[in-house]
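Fold and contact review
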Amino acid sequence: MNSTLKLLQEQLGKPYKDLEFLLIALKEVLADNGELEMANAVPLINEEDTRAAEMTDRQIQLYSLVFQLVNIVEINGAVQSRREIEGKNAHADVRGLWSDNIRRLIDEGTSKEAIIQQIIATNIEPVLTAHPTEAKRSTVLEHYRELYLLLVKKENQMYTEDEIENIRHNIKLTLYRIWKTGEIYIEKPRVEDELRNVLHYLVNVFPSVIPMVDRRLLQAWSHLGYDKQELLDQNALPGFTFGNWVGGDRDGHPLVTAEVTQHTLLMLRLNAFVVIRRKLSELVTRLSFSLPLDKALPALKDRALQMVEQLGERGQEALDRNTGEAFRQYINLMITKLPVDTKRGHATELADLKGSYMRSAELKKDLRLLQESLVAYGAKTIAYDDVTVARRMLDIFGFCLAKLDIRQNSDFHDKAISQLLEASQMKSTDFANWSETERIDFLNKELESNRPFLPGNVQLTEEAGKVVSVHKVIEGHVSKFGVAGIGSFIVSMTRSLSDLLVVYVLQREAGLIERTEEGLVSKIPVVPLLETIEDLENGPEILDQFLSHPFTQRSIAYRAKTTNDIPKQQVMVGYSDSNKDGGIIASQWGLYKAQTRLSAIGRKHGVHLQFFHGKGGSISRGAGPTHYFIGALPHGSLTGDIRLTEQGETISQKYANKVNAAYNLELLAASTMRKSIEQSAAEGDPHPQEEILEHLATETKKRYQELMNEEGFIPYFRQATPIDAIENSKIGSRPAKRTGAQSLSDLRAIPWVFSWSQARCHMTSWYGIGSTLESLENTRPEDYQQFKKATSTDPFIRYVLTNVDTSLAATEEEVIASYANLVEDEALKDKFLKMFLDELSLTKRHLNHLLERPLVERRKNHHYSNQLRSEMMKKLHENQVRLLEEWRTMKKEANSDIAATQTSLMLTINALAGAMRNTG
């Protein structure tokens, strides 16, 4: 056995014994199928050749598989560790979960009633996206899910030796299926493929997981000595909803057409009925109580007969199905009223059938009557369990499953307006180059009228055609099914008030503007996305102008009235571009300040501000422990609800396993609940280290930008990382660049971060920090000591530095140097390599000093996991460097054999992404 694996077994125990078990099973099944060479190449359990050698595609794939096995055993290890703690009745010792957060609030003097009210007011909305960060095919993900379940099954002590051996046999079969299934995308995935993957989680995972989170809340309440009936009587459960960007996010994505958006909306609606039908069918199975319809609660009987009349012959068939079992008859009628066709017991397509439900509110009312009838019948526990779960699914998923956001870039909108002006034969049409005053004057005049620019039969092309056509798709869906399935129109790169008002005018062109007694209003919210550091700085002024605008004020009031809710405005803040723009401290501090100021603007206008956090899967793009992230949010920015993106491989890491999915949703809900109470109880003082943080942000940004503006930086970046290979990869349907321009500004943040991480540099999350801290210590020693003291007490500082520390632990000097050797200009290579290594050394020294203990003591599991992964990654890095050199030479020579080399290169990218657990 490998010495590192043996060390991990000694230090961390069972997860790495599970890893050895899986590796031996893999070796055996390879040998069983005659692949002896591959069986003997399984790392960590075979004698390894440490000499540098070319790896075949099969060997690279083998390593990729092994890294996924490491991920699986570590996730399972974390689950088992939490179970062990809770098994000792130490529920509150698992940080960030219901028991921990409720106990802390009680200890801080928060009343039980205040906690109940905040649980009710809490709403969590993960938004699933398909940015090009999931390198594995959905078929492979399914096999890994099966493997995880079998590994968990093996833990069960009830099985006999023969049964355990059968589980082991099935594990071997699953491992071989994974081995024989190609992991990487040979062809670029379609948006429909990405939607299918998202639908898996929305249909098969979250509906099963949310009842687990609810039960854990009730159990936590009981463990703390309270009566869970207090929660049940008030329906005190946190709100969950889901959002989706697949099929709606068209920022630089030419494949997301109006037709794709329409297909997406219909697929979401159809699959909402799949979820609901499943839950209602479970109720039919469970509510087999003997009760003639005539003896049921009169209101239930009357409603059942009314449904029969509405449904006609189909209704009578449903009523006749379970004679003498009133509850089953009633649920059969509800199932029949779902607007879907079924084949072999499954909802297969949407259908406008006589008597069908059109809105979820009708079904909610029928379920409420069922619950009341069960209570009257004496089945209170069933009413508050089985029926509550069904009602909960309807509240969460409705008839739309998830809200689809429509995102587009402000520049794209400007071009669309110019083209509309040209088509309507206006004198001045260069809208993008008008002054802000000219733009606002024009837009204000246009918003006084509901008259579109052009008659409905005029065919538009280019940007105008694309924007108007998708808005018409939204209008058609809303007019038929209501607004519940639509999230908002998000304007990326929001730079000014006019960027937001433009969307109202474009909505008008598609009929999405409605006339009311108060004036014209927008049915669908328009949301600014503040991405760069400059946009975050200007954001509060833009929001103030937007919320002051009469059209916005009328629209917010109209939506509040029609939804019976408080006036709301959403603001999206981006973590990726702000980091790409100025480095991690400037980005995080910019986000902190912006949220503080934006919150104040919301309060000024009497509008509830909901922040939508555009976070990615890597540290540089906003990732980090959920409860630490929420704990670090500034005062006033969290008032019960939170919306945040879940991107790419992050979705499968968090949610592929249902127990882990429940843990991650519980972290999010419980931490949001507690932070909201704490923020409402405390005064909103400025950050105590504001002056020092401002200095650090300014100086780190300056050093970071000096690097990017240094002569020769772009050639170094493009040669010392696999960025060009990533741009040619097939791991997502979206292009790597927004417009295709060969510039750093046009490159998306994901491939920017991805390419540095593949080269084990991770500079996007530490460059500029070491030299800035060195200067602070030398020139302002008192501030340095004050900052050091704050690292152990301040949630924001601790969160940021912990994330920097995570990136530093994954950074490898030797690997950085090996990729630097790909740079053709020796002087250029030496210059930038020295800059990186000097800065890395300083940053490591100061982080160790500020955090006081070495990583092995602070985060033992993380340290040893990195050690194991790093050892196996060396061969992959060596091969990727070699393949990059070959591939680039072949491109220059227009070699026709380049495809095989490119496939090998993609395999290394996929394997290293799996090893590091993120792609960007």
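Residues numbered from 1 in each chain as written. Predicted model: local features only at pLDDT ≥ 70, side-chain atom pairs only at ≥ 80, totals over all residues. Heavy atoms only, no water.

With respect to the overall build of the chain
Counting its secondary structure elements, the chain contains 39 helices and 13 strands. On C-alpha atoms alone, the chain measures out to a radius of gyration of 29 Å, which is about the 29 Å that the 2.2 N^0.38 rule sets for 920 residues. Within the chain, the proportion of its 920 residues that are buried is 60%. Within the chain, the 125 negative side-chain charges are centred at a point lying 4 Å from the centre of the 112 positive side-chain charges. (Helix = DSSP H or I, 4+ residues; strand = E, 2+ residues; numbered from the N terminus. Rg over C-alpha atoms; globule rule 2.2 N^0.38 Å. Buried < 20%, exposed > 50% of the residue type's maximum accessible area, 1.4 Å probe, protein only. Lys, Arg positive; Asp, Glu negative; His and termini not counted. Charge placed at Lys NZ, Arg CZ, Asp CG, Glu CD.)

Regarding the pairing of strand 13 (residues 641–647)
Counting buried positions over the 7 residues of strand 13 gives 7, a clear majority of the element. In this structure, strand 1 (residues 123–129) lies alongside strand 13, joined through 7 bridges in parallel fashion. For Ile124, the partnering residue across the bridge sits in strand 13 and is Ile642. Where strand 12 (residues 608–614) lies against strand 13, 2 bridges are found, and the strand directions are parallel. If you follow Phe612 over to strand 13, its bridge partner there is Arg643. (Pairing = 2+ DSSP bridges.)

Overview of helix 12 (residues 298–311)
The terminal C-alpha atoms of helix 12 lie 20 Å apart, and with 14 residues this matches the ideal 20 Å at 1.5 Å per residue to within 8%. Restricting attention to buried positions, one finds in helix 12 the residues Leu300, Arg303, Ala304, Met307, Val308 and Leu311. Here the buried residues of helix 12 occupy an arc of 145° about the axis, which is enough to place them on one side. Seen from the buried face of helix 12, the exposed residues on the opposite side, beyond 90 degrees, are Pro298 and Glu309. Check the buried side of helix 12 and you find it contacts helix 13 (313–320), helix 14 (326–336) and helix 15 (360–377). Two residues or fewer after helix 12 comes Gly312, characterised by a positive phi angle close to 70°. (Expected span 1.5 Å × (residues − 1). Arc of directions from axis to C-beta. Contact = heavy atoms within 4.5 Å.)

Some thoughts on the side chain of Gln679
When you line up the elements, Gln679 lands in helix 27 (residues 658–681). The class for Gln679 is buried, based on a relative accessible area of 7%. Only 2.8 Å separates the side chain of Gln679 from the backbone nitrogen of Gly636, close enough to count as a polar contact. A polar side-chain atom of Gln679 sits 3.2 Å from the main-chain amide nitrogen of Ser637. Ignoring anything within four residues of it in the chain, the contact list for Gln679 reads Leu633, Pro634, His635, Gly636, Ser637 and Leu638. (Polar contact = N/O pair within 3.5 Å; in protein donor to acceptor, adjacent residues only side chain to side chain.)

A closer look at a negative patch on the surface
On the surface, a cluster of negative charge is contributed by Glu161, Asp162, Glu163 and Glu165. Given a relative accessible area of 74%, Glu161 falls into the exposed group. (Patch = residues over 30% accessible without salt bridge, like charges linked within 9 Å, V, L, I, M, F, W, Y side chains within 5 Å. Areas by Shrake-Rupley, 256 points an atom, 1.4 Å probe, with all protein chains shown as cover. Salt bridge = Lys/Arg side-chain N within 4 Å of Asp/Glu carboxyl O.)

Brief notes about the pairing of strand 8 (residues 513–516)
Two strands pair when backbone bridges link them, and strand 8 and strand 9 (residues 519–522) are joined in this way by 4 bridges, in the antiparallel orientation. Residue pairing in the sheet places Glu514 in a bridge with Val521 of strand 9. With antiparallel pairing between neighbouring strands as the criterion, strand 8 and strand 9 make up a hairpin whose turn holds 2 residues.

Observations regarding the packing of aromatic side chains
Under the criterion given, the structure shown has 32 aromatic pairs. Ring centres 5.2 Å apart and planes at 35° place the aromatic pair Tyr716 and Phe832 in the tilted group. With Tyr716 in helix 29 (residues 713–720) and Phe832 in helix 36 (residues 826–851), this residue pair connects regions lying 116 residues apart in the sequence. Of the residues examined, Tyr716 reaches a relative accessible area of 1% and is grouped as buried. Connected via pairs of aromatic rings, a cluster forms that spans Phe713, Tyr716, Phe717, Trp752, Trp756, Trp766, Tyr767, Phe832 and Phe836. In this arrangement the basic side chain of Arg508 is found over the ring face of Phe453, its NZ or CZ atom lying 5.0 Å from the centre. A cation sits over an aromatic face here: Arg643 above Phe612, 4.5 Å from the ring centre. (Phe/Tyr/Trp six-rings, centres within 6.5 Å; stacked < 30°, edge-to-face > 60°. Lys NZ or Arg CZ within 6 Å of the ring centre and 35° of its normal.)

Considering the pattern of salt bridges
Under the definition given, this model contains 58 salt bridges. Ionic pairing is found between Arg780 and Glu691, a salt bridge with its closest N-O pair at 2.8 Å. On the criterion of sequence distance, the pair formed by Arg780 in the loop between helix 32 (769–779) and helix 33 (781–790) and Glu691 in helix 28 (residues 690–709) is long-range, its members being 89 residues apart. Under the relative-accessibility criterion, Arg780 is labelled partly exposed at 23%. Here Glu727 and Arg718 are joined by a salt bridge, their closest N and O atoms 2.8 Å apart. You can call Arg718 partly exposed: its relative accessible area is 24%. Salt bridges here are not isolated pairs; linked through shared partners, they connect Glu28, Asp32, Arg168 and Lys172.

Points about the packing of helix 12 against helix 14
Across the interface, helix 12 lies against helix 14 with an axial gap of 10 Å and an inter-helix angle of 35°. Judged by the sense of rotation from one axis to the other, the crossing of helix 12 with helix 14 is left-handed. Contact with helix 12, carried on its side by Leu300, Arg303, Ala304, Met307, Val308 and Leu311, involves Phe327, Tyr330, Leu333, Met334 and Thr336 of helix 14 and no other residues of that element. Partitioning the contact of helix 12 with helix 14 into residue classes produces 9 nonpolar, 1 polar and 1 charged. (Axes fitted to C-alpha atoms, helices over the stretch in contact; angles between N-to-C directions. Left-handed = near helix turned anticlockwise from the far one by under 90°. Nonpolar A, V, L, I, M, F, W, Y, C, P; charged D, E, K, R; others polar.)

Some thoughts on the nonpolar core
Grouped together as the largest cluster of nonpolar side chains are 206 residues, with contacts concentrated most on Phe206, Met334, Leu370, Phe713, Trp752, Met763 and Phe836. Of all the elements, helix 9 (residues 191–223) adds the most residues to this core, at 16 residues. Apart from the residues lying within four places of it in its own chain, the contact partners of Phe713 are Leu707, Met708, Leu744, Trp752, Trp756, Phe832 and Phe836. One finds Val73, Tyr144, Leu884 and Met906 within the second-largest nonpolar core, a separate group that totals 68 residues. (Core = buried A, V, L, I, M, F, W, Y, C linked by side-chain atoms within 4.5 Å.)

Here's the deal with helix 24 (residues 584–604)
Helix length check: helix 24, at 21 residues, gives a terminal C-alpha distance of 30 Å against a target of 30 Å (1.5 Å per residue), a fit within 8%. Among the 21 residues in helix 24, 15 count as buried, and that is most of the element. Positive backbone phi, approximately 65°, marks Gly606, located one or two places after helix 24.

A word on unusual backbone geometry
Outside of glycine, negative phi angles account for most residues, and trans bonds account for most peptide bonds. We note that Asn564 has phi near 55°; this positive angle belongs to a residue other than glycine. With respect to the helices and strands, Asn564 occurs in the loop between helix 22 (550–563) and strand 11 (568–574). For Asn564, a relative accessible area of 74% translates into the label exposed. The backbone of Arg760 shows a phi angle near 60°, a positive value even though the residue is not glycine. Within the secondary structure, Arg760 sits in the loop between helix 31 (749–758) and helix 32.

Concerning the packing of helix 15 against helix 16 (residues 380–397)
For the pair helix 15 and helix 16, interaxial distance at closest approach is 9 Å and the crossing angle is 175°. Here helix 15 lies roughly antiparallel to helix 16, going by the angle between them. Side by side, helix 15 and helix 16 meet where Ser360, Leu363, Lys364, Leu367, Arg368, Leu370, Gln371, Leu374 and Val375 of the first sit next to Lys380, Ile382, Ala383, Tyr384, Val387, Thr388, Ala390, Arg391, Leu394 and Asp395 of the second. Among the residues making up the contact of helix 15 with helix 16, the classes are represented as 11 nonpolar, 3 polar and 5 charged. (Parallel < 35°, antiparallel > 145°, perpendicular 65-115°, else oblique.)

Structural notes on the environment of Glu694
Positionally, Glu694 belongs in helix 28. Linking Glu694 and Pro567, residues 127 residues apart in sequence, is a C-alpha distance of 33 Å. Apart from residues no more than four positions distant in its own chain, Glu694 is found in contact with Trp589 and Lys593.

Observations concerning the environment of Leu883
With respect to the helices and strands, Leu883 occurs in helix 38 (residues 860–892). With a relative accessible area of 4%, Leu883 lands in the buried category. Sequence separation of Leu883 and Leu97 is 786 residues, and the distance between their C-alpha atoms is 46 Å.

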